[in-house]
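For reference, the chains in residue letters:
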Amino acid sequence: RAPSSPPPEELTPPLYMNHTKGGLVIFTANSHASSRELGKRIAERLGVELGKVQVYQEANRETRVQIQESVRGKDVFVIQTVSKDVNTTIMEMLIMVYACRTSCARSITGVLPYFPYSKQCKMRKRGSIVSKLMASMMCKAGLTHLITMDLHQKEIQGFFNIPVDNLRASPFLLQYIQEEIPDYRNAVIVAKSPASAKRAQSFAERLRLGIAVIHGEAQDAESDQVDGRHSPPTVKTTGAIHPSMEIPLLIPKEKPPISVVGDVGGRIAIIVDDIIDDVDSFVAAAETLKERGAYKIFVMATHGLLSCEAPRFIEESAIDEVVVTNTIPHELQKLQCPKIKTVDISMILSEAIRRIHNGESMSYLKSFLTY
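You'll find the protein entered in an unreviewed UniProt entry as Phosphoribosyl pyrophosphate synthase-associated protein 2, with Oryzias sinensis given as the organism. Reading the Function (unreviewed entry) entry of the UniProt record for the protein gives the comment "Seems to play a negative regulatory role in 5-phosphoribose 1-diphosphate synthesis." The UniProt entry for the protein carries the following comment under Sequence similarities (unreviewed entry): "Belongs to the ribose-phosphate pyrophosphokinase family."

Colleague: Let's hear about unusual backbone geometry: which residues, and what values?
Modeller: Its identity is not glycine, yet R61 carries a phi of approximately 75°, on the positive side. Note that R61 resides in the loop between β2 (53-57) and β3 (63-67). The exposed category is assigned to R61, whose relative accessible area is 54%. Positive phi values are uncommon outside glycine, yet C308 reaches one of about 50°. On the secondary structure map, C308 appears in the loop between β12 (296-304) and α8 (310-315). Judged by its relative accessible area of 72%, C308 falls in the exposed class.

Colleague: Got a sec to walk through the side chain of D274? Specific residues and values, please.
Modeller: Secondary-structure assignment places D274 in strand β11 (residues 268-276). It turns out D274 is buried and unbridged, and the closest side chain with the opposite charge, R199, is 4.4 Å from it. Looking at D274, its side chain comes within polar contact range of the side chain of H152, at 2.7 Å. Excluding anything up to four places from it in sequence, D274 contacts L151, H152, R199, A301, T302 and H303.

Colleague: Residue-level account of the sheet that holds strand β10 (residues 259-261), with values.
Modeller: Hydrogen bonds between backbone groups are what pair the strands of a sheet, and the pairing can be parallel or antiparallel. Spatially, 7 strands are ordered β10-β9-β8-β11-β12-β13-β14 in an open sheet, and the strand pairing comes out mixed. Looking along the sheet, the strands with just one partner apiece sit at the ends: β10 and β14 (340-343). Taking the axes of each pair of neighbouring strands and ignoring which way they run, one obtains an average angle of 25° across the sheet. The pairing of β11 with β12 spans 8 bridges and is classified as parallel. Paired with I275 across the strands is H303, a residue of β12. Contacts between helix α6 (residues 197-207) and the sheet are confined to β8 (187-191), β9 (210-215) and β11, with β8 contributing the most and set at about 160° to the helix. On the sheet, helix α7 (residues 280-291) packs against β8, β9, β10, β11 and β12 and is oriented at approximately 170° with respect to β11.

Colleague: Describe in detail the packing of helix α3 (residues 86-102) against helix α4 (residues 130-141), supporting the description with residues and values.
Modeller: Here α3 crosses α4 at 25°, and the two axes come no closer than 8 Å. The orientation of α3 with respect to α4, classified from their angle, is roughly parallel. Residues I90, L94, V97, Y98 and R101 of α3 form the contact with α4, whose own contacting residues are M134, M137, M138, K140 and A141. Within the contact of α3 with α4, the residues separate by chemical class into 8 nonpolar, no polar and 2 charged.

Rules used throughout
- In this numbering scheme, every chain counts its residues from 1 along its sequence in written order.
- Under the rules for a predicted model, residues below a pLDDT of 70 receive no local features and side-chain atom pairs below 80 are neither given nor counted, while totals for whole chains, interfaces and linings still include all residues.
- Think of the side-chain values as coming from all heavy atoms in the structure, minus any hydrogens and water.
- UniProt positions are given in the numbering used here, feature names are shortened, and annotations may be inferred rather than shown by experiment.
- Only DSSP runs of H or I covering at least 4 residues are called helices, and only runs of E covering at least 2 are called strands; the numbering of each starts at the N terminus.
- Partly exposed residues are those whose accessible area sits between 20% and 50% of the maximum for their type, while under 20% is buried and over 50% is exposed, using a 1.4 Å probe and protein chains only.
- Within this scheme the basic residues Lys and Arg register as positive and the acidic residues Asp and Glu register as negative, but His and the chain ends are omitted.
- A side-chain nitrogen of Lys or Arg and a carboxyl oxygen of Asp or Glu constitute a salt bridge if their distance falls within 4 Å.
- Two N or O atoms count as a polar contact when they lie within 3.5 Å, although within protein this holds only if one can serve as hydrogen donor and the other as acceptor, and sequence-adjacent residues are included solely when both atoms are side-chain atoms.
- Contact definition: two residues touch when any of their heavy atoms are within 4.5 Å.
- Each pair of strands is called paired provided DSSP finds at least two bridges between the two strands.
- Axis angles are defined between N-to-C directions and span 0 to 180 degrees, where every axis is a line fitted to C-alpha atoms and, for a helix, only to the segment in contact.
- The scheme is simple: roughly parallel for angles under 35 degrees, roughly antiparallel for over 145, roughly perpendicular for 65 to 115, oblique for anything else.
- Ten residue types, Ala, Val, Leu, Ile, Met, Phe, Trp, Tyr, Cys and Pro, are classed as nonpolar, four, Asp, Glu, Lys and Arg, as charged, and the remainder, Gly among them, as polar.

Here you go:
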């Protein structure tokens, strides 16, 4: 007797969401309505409903999470976008992940488009590497996988003992440049400091444009002055040192006057970076570029934190447009400053979730752009 034919679904490649592999549940872990918008977009693209969960703050500011459906044996994806109260955001994420773990979920994948505390990924004098602490807490809570976008330093992936997929928002920003800036062929990609030069070079090579680098006084807050290199004594001290040992004097740094390496005269200047938070350095860079002859200035960044008075400073500056993705909700800032534009990246996050759930390769998504 011939063996029976396999059912039709086994003959069809998993081009769409396969619900038979343990099931899929998507939760948004944020108690703020504006922060749940990205989760709704991702669920719509995947053709699923958001999981039922209650996340709220009690009177004493403790976070409480109540999962209202079964997750036993299922693949759970917890989407968390960072609100202004970043510490509450973290606790919501950790408590929800732990709740899924104790409810016997098969796998728990955290989807954090912006990884909080990513700037604190290096030892600075007597500080601490907070990104490492964040990674340890997430793994301890029960995460089995992490999806994020444009980590401030890609080495942060090494802090985790679980798989980390660091996706790129750059294809969407490149598409925006090509479609929304009519004369982009007359543009030059600008790094506002030497630290951003590698990212700027990557954009310039893919758009077949020139590059310019600002060097000098206008530097970002993460300069070498605070990374521990100034910790040796700058003057000779002999009290606690053996007379036969002489430590060489550390020559103090002297910043050169501000200069722009590259021609921006009569061009559109496009400043690229991964995070735009305190906009002082971007505003200073825009003024410098205007003085050098740039007639239009755009700022492109993946994560638009735009804290404090950032919208007002942008509105009053020489910057013509700030383009960020929706890894972080910033609807309020857009109302305060019409120069702020948003690019939706829910497509790549939903595709990453689909591929992980179906056990497909992530290489295609990671091959979009590297720098």
